[in-house]
Amino acid sequence: MPESQAQALSARICDFILHWDVYRQAEKLYFYYPLGNEVSLLAVIRDALSENRQVAFPKVEGKDLEFYRIQTLEELSKGAFHVMEPAAAGRIPVRWEEALCFVPGVAFDRCGGRFGYGKGYYDRYFARHDCRKLAGCAYECQVTDRLPLDAWDRRMDVLVTENGILKTSHNHTIAEGKENQHV
């Protein structure tokens, strides 16, 4: 996907999130920093930080992932796999069960299934810690009807694409756009 197209679609996705009641009400947020042409939520991250909400980013530590709170994007630097991460020195990982967690991936299905990058970091994290709401972030071209999943795979509660916010479940999917945001 050309960078200009990724930027335009990411801007649309951010617009949906910024107007989403669940995001507007969330006090604690888990984000990721975009790598390559991943969906960029930088506009949403800046919004959350400007409103002094509690924001955390993941850091790879061995075979595990931990989230650390940040106050500014300048606290991030290149870490494992060239992903921007917070420094862990002198910090205690946060474990916010009530957080809204935005999750990247390679592919998602309409029932909330997710394929990551194959290392299992997010799967292991979600096996150890619960999050109130998981929001998979993807371009519509990354979403399919059904992915083959393993028993340990945690399903996303919603998918956020350039077409809107989709509430997922094992049995049905309900499309939610700007005008109907009761996800």
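Each value, and the rule that gives it
Residues numbered from 1 in each chain as written. Predicted model: local features only at pLDDT ≥ 70, side-chain atom pairs only at ≥ 80, totals over all residues. Heavy atoms only, no water. Buried < 20%, exposed > 50% of the residue type's maximum accessible area, 1.4 Å probe, protein only. Helix = DSSP H or I, 4+ residues; strand = E, 2+ residues; numbered from the N terminus. Pairing = 2+ DSSP bridges. Contact = heavy atoms within 4.5 Å. Expected span 1.5 Å × (residues − 1). Arc of directions from axis to C-beta.

Colleague: How should I be thinking about the pairing of strand β3 (residues 64-70) in this particular structure?
Modeller: Consecutive side chains of a regular strand alternate in pointing toward one face of the sheet and then the other. The buried fraction of β3 amounts to five of the seven residues, a majority that puts the element mostly inside the structure. Strand direction decides the pairing type here: strand β2 (residues 54-61) and β3, joined by seven bridges, are antiparallel. Each residue of the ladder has a partner; that of Ala 56, found in β3, is Arg 69. Counted between consecutive antiparallel strands, the loop separating β2 from β3 contains two residues, among which Gly 62 sits at a positive phi close to 70°.

Colleague: Explain helix α4 (residues 121-128) to me, please; I cannot follow it from the model alone.
Modeller: Owing to its 3.6 residues per turn, the α-helix aligns residues three or four sequence positions apart on the same side. Tyr 121, Tyr 122, Asp 123, Tyr 125 and Phe 126 are the residues of α4 that are buried. Check the buried side of α4 and you find it contacts β1 (28-30), β2, β3, β6 (100-103), β8 (114-115) and β9 (133-137).

Colleague: Please clarify how helix α1 (residues 3-18) should be interpreted in this entry.
Modeller: The first and last C-alpha atoms of α1 sit 22 Å apart over 16 residues, in line with the 22 Å expected at 1.5 Å per residue. Those residues of α1 that sit buried are Ala 6, Leu 9, Ser 10, Ile 13, Cys 14, Phe 16 and Ile 17. End-on view of α1: buried residues confined to an arc of 155°, all on one side of the axis.

Colleague: Sorry if this is basic, but what is going on with the pairing of β6 here?
Modeller: Neither face of β6 is left uncovered, since the one carrying Leu 100 and Phe 102 and the one carrying Cys 101 and Val 103 both have all their residues buried. Bridge count between β1 and β6: two bridges; the pairing is parallel. In the sheet register, Tyr 30 faces β6, and the bridge partner there is Cys 101. In terms of strand pairing, β6 meets β9 through four bridges, oriented parallel. Pairing of Cys 101 across the sheet is with Leu 134, part of β9.

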